[in-house]
Amino acid sequence: MELQSILLPGVDAQRPLVIAGPCSAETEEQVMKTAVALAEKGNKIFRAGIWKPRTKPGGFEGIGVSGLPWLQEVKRETGMYVGTEVANKNHVFEAVKHRIDILWLGARTSVNPFAVQEIAEALKVSGFDGPVLVKNPVNPDLELWIGAIERLYNEGIRKIGVIHRGFSTYDKKLYRNLPSWHIPIELKRRFPNIPLICDPSHIGGKRELVAPLCQQALDLNYDGLIIESHCSPDEAWSDKEQQITPDILSYILNMLVVRETKHTTENLVQLRQQIDEIDADLLGILAKRMRISREIGQYKKEHNMPVLQTVRYDEILENRIGQAEKMGIGENFMKIMLEAIHEESIRQQIEVLSS
Ligand code: PEP
Ligand code: MN
C-alpha cells in the first residue's frame, strides 16, 4: 500500500500525534470552552462526536448537523484542526461541506462492509483530501479491520491511519474494551506505514486508565493518541467516566515518556536473544505438555471416559493462577493463557479419541 502522511501542515512530526476533545459536541458553549482550554495547552487537533452510535436507544445520539458550525468556529477561534466520526454517506457530505479536516470510522461502522464501502465512495465523490482514520471493529477480527482499510484505499483514499480502541467483551472487569494489543501490532507488522493511534479512553472506559494506557501505547511504538477531554467531565452527555479535563490531559501528556525507537543498543540485542531462547524453551515445554495430554486422551479412550472433566480443570485454574500471582504474573493473562492451553489439549485429546 502506497500511503501518504496523515500529518497536517503545522502539526509537527514528533511522536505522539495527539487528537483531543469531547466524546460528543453537546452545546456550543461546551465545545468552545473545551476547545479554547485545549488550544491554550498547545493541542493542535480537536475531536468531537457529532453523530453518536450508542449501544442502546435513549442515550444521547449526538447533536447532528447543527453541531458542525461549532467545529468551524473552533477552527476560526483557536486555529486547531477539527475531526469527527462519520457513519454513513450523508455524514461524509455534511462534514465535507463544513470543512472538517479529519474524519474517522467508528468501531460499529468498520464492522460493516456495506457502510464502509458507502463511506469510501462518498469520500471519493466529495473529493475529501484529509486524513481518514479507521477504528478497529468492535469484534477482534483483524481481517475485517484490514478490509475496511482496503475499501478506502480502493476508492483512492491515501491518507489513512488506524485507531486502536479495543474490542468488546461480555466480561468488562478491568477494561471497557479489551486491548488485545497483539491485534494492532500484527496490523502494524503487515502494514508498517500505517500510522497507529491509541484510544485509551474507549479501551479503559475510566479516567484512571488513560495515563497508563497512553504510556503502554508509546512503549509499543504507537504513532499517536486520541483522548477524550471535556471541560466538565462529570456533566458530559456521553462517556463521562472516561473523559478528563484539558488540565489533566496536559498533565498526563507531559508525564509520558517517549522512548527512542530508532537505534537498537547492544544490550537490547542481547536481551532479545534471551527472549528468543526462552520462547523456544516455552514451545518445547508446550509441545511436551500436549504429548502428555494425548497420552491422557489415550487412557480416557481405553477406559471410556469423557474428555472434559470440569472439576479437574477448575482445580488447575485456581492453583496455577494462585502460583502465577505469587510470581508477579497477572491473573487475567494467566487465565487467558491457561484457557488457550486447555482448549488445545482438549482438541488434541478429541483427535486421539476419534482416531
Ligand atoms: C467515540 O470515539 O466517541 C466512539 C463512539 O468511539 P468507538 O467507535 O470507538 O466506540
Ligand atoms: Mn466516546
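Look above for the structure.
Throughout what follows, the structure given in this document is the object of discussion. Quick caveat, the model's predicted, so the values are computed rather than measured. (Residues numbered from 1 in each chain as written. Chains lettered and ligands numbered in written order. Predicted model: local features only at pLDDT ≥ 70, side-chain atom pairs only at ≥ 80, totals over all residues. Heavy atoms only, no water.)

A look at the overall build of the chain
Applied cut-off: Strands are runs of DSSP state E lasting at least two residues, helices are runs of H or I lasting at least four, and both sets are numbered from the N terminus onward. When accessible area is computed with a 1.4 Å probe and restricted to protein chains, residues below 20% of their type maximum are described as buried, those above 50% as exposed, and intermediate ones as partly exposed. In what follows, a contact means two residues having at least one pair of non-hydrogen atoms within 4.5 Å. The protein chains shown are the only cover counted for residues, whose accessible areas, like all others here, come from Shrake-Rupley with a 1.4 Å probe. Positive: Lys, Arg. Negative: Asp, Glu. His and the chain ends are not part of the count. Charged groups are reduced to one reference atom each: NZ for lysine, CZ for arginine, CG for aspartic acid, CD for glutamic acid.
A count of helices and strands for the chain gives 12 helices and eight strands. Dimensions along the principal axes, computed over C-alpha positions, put the chain at roughly 75 × 45 × 45 Å. The 355 residues of the chain split such that 45% are buried. Long-range pairs, those at least 24 residues apart, make up 73% of the contacts in the chain between residues at least 6 apart in sequence. As presented, the chain carries roughly 18800 Å² of accessible surface, and 54% of it is formed by carbon and sulfur atoms. Averaging the locations of the 43 positively and 48 negatively charged side chains of the chain gives two centres separated by 2 Å.

Focus: the pattern of salt bridges
Selection criterion: The rule for a salt bridge is simple: a side-chain nitrogen of Lys or Arg has to be within 4 Å of a carboxyl oxygen of Asp or Glu.
Taken as a whole and assessed by the stated rule, the structure comprises 18 salt bridges. The salt bridge partner of Arg207 is Asp234, with a shortest N-O separation of 3.0 Å. Placement of Arg207 in helix α8 (residues 207–219) and of Asp234 in the loop between β8 (224–228) and α9 (246–255) is noted, with a sequence separation of 27 residues between them. On the basis of relative accessible area, Asp234 is assigned to the exposed category, the value being 53%.

Focus: helix α10 (residues 266–302)
Going by this rule: For a helix, the expected span equals 1.5 Å multiplied by the residue count minus one.
Here α10 spans 55 Å end to end across 37 residues, near enough to the 54 Å set by a 1.5 Å rise per residue. Along α10, the residues classified as buried are Met290, Ser293, Gly297 and Lys300. In the stretch just after α10, Asn304 is the one whose phi turns positive, near 55 degrees.

Here we look at the coordination of the manganese ion (ligand 2)
Short version of the rule: Coordination here is defined by N, O and S atoms within 2.8 Å of the metal (3.2 Å for Na, K and Ca), and since water is not considered, a site can look incomplete.
Cys23 (SG), His202 (NE2), Glu228 (OE) and Asp239 (OD) make up the full set of protein donors to the manganese ion (ligand 2), lying at 2.1 to 2.4 Å. Counting residues between consecutive donors of the manganese ion (ligand 2) along the chain gives the motif C-x178-H-x25-E-x10-D. In this pair, Cys23 sits in the loop between β1 (17–21) and α1 (28–40) while Asp239 sits in the loop between β8 and α9, placing the two residues 216 residues apart along the sequence. Accessibility assignment for this pair places Cys23 and Asp239 in one class, buried.

Regarding a negative patch on the surface
Rule in force here: Like-charged residues are merged into a patch within 9 Å and nonpolar side chains (Val, Leu, Ile, Met, Phe, Trp, Tyr) within 5 Å, provided each residue has over 30% relative accessible area and no salt bridge.
Side chains of Asp276, Glu277, Asp279 and Asp281 sit close together on the surface and give a patch of like negative charge. Looking at the secondary structure, you find Asp281 in helix α10.

A few points about the packing of α1 against helix α2 (residues 68–78)
Rule in force here: Under this scheme, a helix contributes an axis fitted over its contacting stretch, all axes are lines through C-alpha atoms, and angles between N-to-C directions fall in the 0 to 180 degree range. The labels follow the angle: roughly parallel below 35 degrees, roughly antiparallel above 145, roughly perpendicular from 65 to 115, and oblique for the rest. Handedness of a crossing is defined here by the sense of rotation of the near helix relative to the far one, left-handed for an anticlockwise turn of less than a right angle and right-handed for a clockwise turn. Amino acid classes used here: Ala, Val, Leu, Ile, Met, Phe, Trp, Tyr, Cys and Pro are nonpolar; Asp, Glu, Lys and Arg are charged; the rest, including Gly, are polar.
Running from amino to carboxyl end, α1 crosses α2 at an angle of 30 degrees, the nearest separation of the two axes being 10 Å. Accordingly, the angle class assigned to the pair α1 and α2 is roughly parallel. Remark: the crossing between α1 and α2 carries right-handed chirality. Contact residues: α1 offers Glu28, Val31, Met32, Ala35, Val36 and Ala39, while α2 offers Trp70, Leu71, Glu73, Val74, Glu77 and Thr78. Counted by class, the contact of α1 with α2 contains eight nonpolar, one polar and three charged residues.

Side note on the layout of surface pockets
We apply this condition: A pocket, in this scheme, is an open set of points on a 1 Å grid over the protein atoms alone with protein on both sides within 12 Å along at least 5 of 7 lines, while a cavity is a set where a 1.4 Å probe fits but cannot get out; residues line either one if an atom lies within 4 Å of a point. Grid points are joined across faces, edges and corners, and a volume is the space filled by probe spheres set on the points.
Considering only enclosed or pocket space, the largest pocket measures out at about 810 Å³ in volume. As for the largest pocket, its lining consists of 22 residues, and the residues nearest its centre are Phe333, Met334, Ile336, Met337 and Leu338. Of all elements in the fold, only α10 and α12 (331–353) reach the threshold of two or more residues within the lining of the largest pocket. No other element matches α12, which puts eight residues into the lining of the largest pocket.

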